[in-house]
Amino acid sequence: MPKPKGNGGKNRRRGKGDGEESKRELEFKEEGQEYAQVVRMLGNGRCECFCFDGITRLGHIRGKMRKKVWITAGDIVLCGLREFQDEKVDIIHKYTADEARNLKQYGELPETANINQTAVDMALAGEGDEEGDDIGIDFDDL
């Protein structure tokens, strides 16, 4: 009989999902970097990011993070600003919800930053703030 040559399939390479996250050091922004919140995913490793300096930019997930760190709408990320393209940023680091709360406590993130919100929650919050939705007809007067 032939001897088996393989070591297993792709599930072996995937590893065991222990779910134990190692405690990592909090990364603060440096010169040429900015905190941002992902507004929506666009596909092909790109997303729309609202940087906390008030500008919405196109974010590009760096190759080291692609298919390893999953970024979704509502995540707080650290972006590297491009000197030659102001409308594009490179996503360098993704913060967990706990890390984002710590950044908010340290005063790095503005108080208006919503940490655990998806794009749907952000859109609904924007619609709910408008109280002048009616057209001005009061049926009690008729």
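It should be noted that the structure appears before, not after, this text.
Within each chain, residue numbers correspond to sequence positions counted from 1 in written order. Where totals are concerned, whole chains, interfaces and linings use all residues; where local detail is concerned, this predicted model gives features only for residues with pLDDT of at least 70, and gives and counts side-chain atom pairs only at 80 or more. Hydrogens and waters are ignored; side-chain quantities use all the structure's heavy atoms.

Engineer: Would you explain the overall build of the protein in this entry?
Structural biologist: From N to C terminus, the protein includes three helices and five strands. What counts as a helix is a DSSP run of H or I of at least four residues, what counts as a strand is a run of E of at least two, and both are numbered from the N terminus. When the helices and strands of the protein are read in sequence order from the N terminus, they spell out α-β-β-β-β-β-α-α. Three labels apply to residues, based on accessible area from a 1.4 Å probe with only protein chains included: buried if under 20% of the type maximum, exposed if over 50%, partly exposed otherwise in between. Sorting the 142 residues of the protein into buried and exposed places 24% on the buried side. Of the contacts formed within the protein by residues at least 6 apart in sequence, a portion of 53% connects residues at least 24 apart. Roughly 10,900 Å² of accessible area belongs to the protein as shown, and the carbon and sulfur atoms make up 48% of that amount. Contacts were defined at the residue level, with two residues in contact if any of their heavy atoms lie within 4.5 Å. Residue-level accessible areas treat just the shown protein chains as cover; the underlying method is Shrake-Rupley with a 1.4 Å probe.

Engineer: It is not clear to me how the packing of aromatic side chains should be interpreted in this structure. Could you clarify?
Structural biologist: Geometrically, a pair of aromatic rings is defined through the distance of the ring centres and the angle of the planes. Any two rings among Phe, Tyr and Trp, with Trp reduced to its six-membered ring, count as a pair given centres within 6.5 Å; such a pair is stacked if its planes are under 30 degrees apart, edge-to-face if over 60, and tilted if neither. Per the stated rule, a full pass over the model turns up three aromatic pairs. Geometrically, the ring pair formed by Tyr35 and Tyr95 is tilted, given 6.0 Å between the ring centres and 55 degrees between the ring planes. Residue Tyr35 is found in strand β1 (residues 33-43), and its partner Tyr95 is found in the loop between β5 (88-94) and α2 (97-106); the two are separated by 60 residues along the sequence. Classification of Tyr35 as buried rests on a relative accessible area of 0%.

Engineer: It is not clear to me how the pattern of salt bridges should be interpreted in this structure. Could you clarify?
Structural biologist: Opposite charge on two side chains permits them to pair, given that their charged atoms come into close proximity. In the sections that follow, a salt bridge refers to a side-chain nitrogen of Lys or Arg positioned within 4 Å of a carboxyl oxygen of Asp or Glu. One pass over the structure, following the stated rule, counts eight salt bridges. Note that Lys94 is salt-bridged to Asp75, the shortest N-O span being 3.5 Å. Of this pair, Lys94 sits in strand β5 while Asp75 sits in the loop between β3 (56-61) and β4 (76-81); the two residues are 19 residues apart in sequence, bridging distant segments of the chain. A relative accessible area of 14% places Asp75 in the buried class. Across the pair Arg82 and Asp90 runs a salt bridge whose closest N-O atoms are separated by 2.8 Å. One salt-bridge network, held together by shared partners, links Asp53, Arg57 and Asp86.

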